[in-house]
Amino acid sequence: MTALLRPRPSGRPTGTRPPTLVAVAHGSRDPAALRTVTALVNAVRALRPDVPVRLGHIELDRPLLADTLKALRGEAVLVPLLLGRGHHVKADLPEAAARAGHLTTRIAAPLGPHPLLAEALHARLDEAAHQHPRTIQAVVLAAAGSRDPDAAADAAATAALLSTRLGGVPVVPAYASAVAPTVADAVRTLTSTRRGHPRDIAVASYFTAPGRFATQCADAAPGIAAAPLGAHPAVARLVLHRYAQALAGAPLSDRAVTVGV
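Values in this document were obtained by computation on a predicted structure and should not be read as measured data.

Right, let's get into the overall build of the protein chain. Secondary structure assignment for the protein chain yields eight helices and eight strands. With 261 residues in all, the protein chain has 50% of them scored as buried. Summarising the internal contacts of the protein chain: among those between residues at least 6 apart in sequence, 78% fall at separations of at least 24. Of the roughly 12000 Å² that the protein chain leaves accessible, carbon and sulfur atoms contribute 55%.

Below, the discussion takes up unusual backbone geometry. Here Arg 62 and Pro 63 are connected by a cis peptide whose omega angle stands at 0 degrees. For Pro 63, the position within the fold is in the loop between strand S2 (53-57) and helix H2 (65-70). Here Ala 180 and Pro 181 are connected by a cis peptide whose omega angle stands at 0 degrees. Topologically, Pro 181 is positioned in the loop between strand S6 (171-175) and helix H6 (183-194). A positive phi angle is found at Leu 60, which is not glycine, with a value near 75 degrees. Structurally, the position occupied by Leu 60 is in the loop between S2 and H2. Even without a glycine there, the phi angle at Ala 178 is positive, about 75 degrees.

Rules of the game
Numbers given for residues are sequential positions, taken from 1 along each chain in its written order. Under the rules for a predicted model, residues below a pLDDT of 70 receive no local features and side-chain atom pairs below 80 are neither given nor counted, while totals for whole chains, interfaces and linings still include all residues. Heavy atoms from the whole structure form the basis of all side-chain values; hydrogens and water molecules are not counted. A helix here means a DSSP run of H or I that spans at least four residues, while a strand means a run of E at least two residues long, and both kinds are numbered starting from the N terminus. To sort residues, take the accessible area from a 1.4 Å probe on protein chains only and compare it with the maximum for the residue type: under 20% means buried, over 50% means exposed, and anything in between is partly exposed. What makes two residues a contact is simply this: any of their non-hydrogen atoms within 4.5 Å. For accessible areas, the Shrake-Rupley method is used with a probe of radius 1.4 Å. Any residue's cover is judged against the shown protein chains and nothing else.

Structure below.
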């Protein structure tokens, strides 16, 4: 697991301070969201106490990303606590980095898709199933939704990873907004095609933290509804993996660089 935690040498002199890891959360009016992402940031710090870690939000919660970047000096790597490619990753983060002209910045890939997310999703499903013992026949992967086709492709890739992790149990992506199907529609389709009971279909929460969409999707679950990913250890390791990937890419420059998966 060490390879996921430590970036390869990047030409930086020994003993110098590593670039700041800026964990970028979306933000939510749900106060549980800030508590959750703060716990995740603290888990990242515990894994790599040598790396400066800061939190910034795109909207709704403080600190806002712009304020976090304004307070920094030197080098920073923006790691989106977002689960796929979409407008925030492709537009909002590069714009924020460009406005922080006093920093040398890089933007890491979003967290998903990645096997570590499938590990965390599996664990959250296990936790929920333990509370409500039932044989899971199929899973709906509930995501926020985006009109960007890359975001849908990333959700589909995560669904495939989770299905493999679950030993072939069918996993179907569904969305809270922007695109179809909704969680309720996906449950109906799975119930019809599998001729099973709706309560045998679990909903996996493909959200980093609680919020309106996560609650909306959980409320549509007929039976087992897993908690958001939160500060699961696999997610904390993945944040550092994306940071390491960014540092292993092209050299840091005054122009923000988005490093792919």
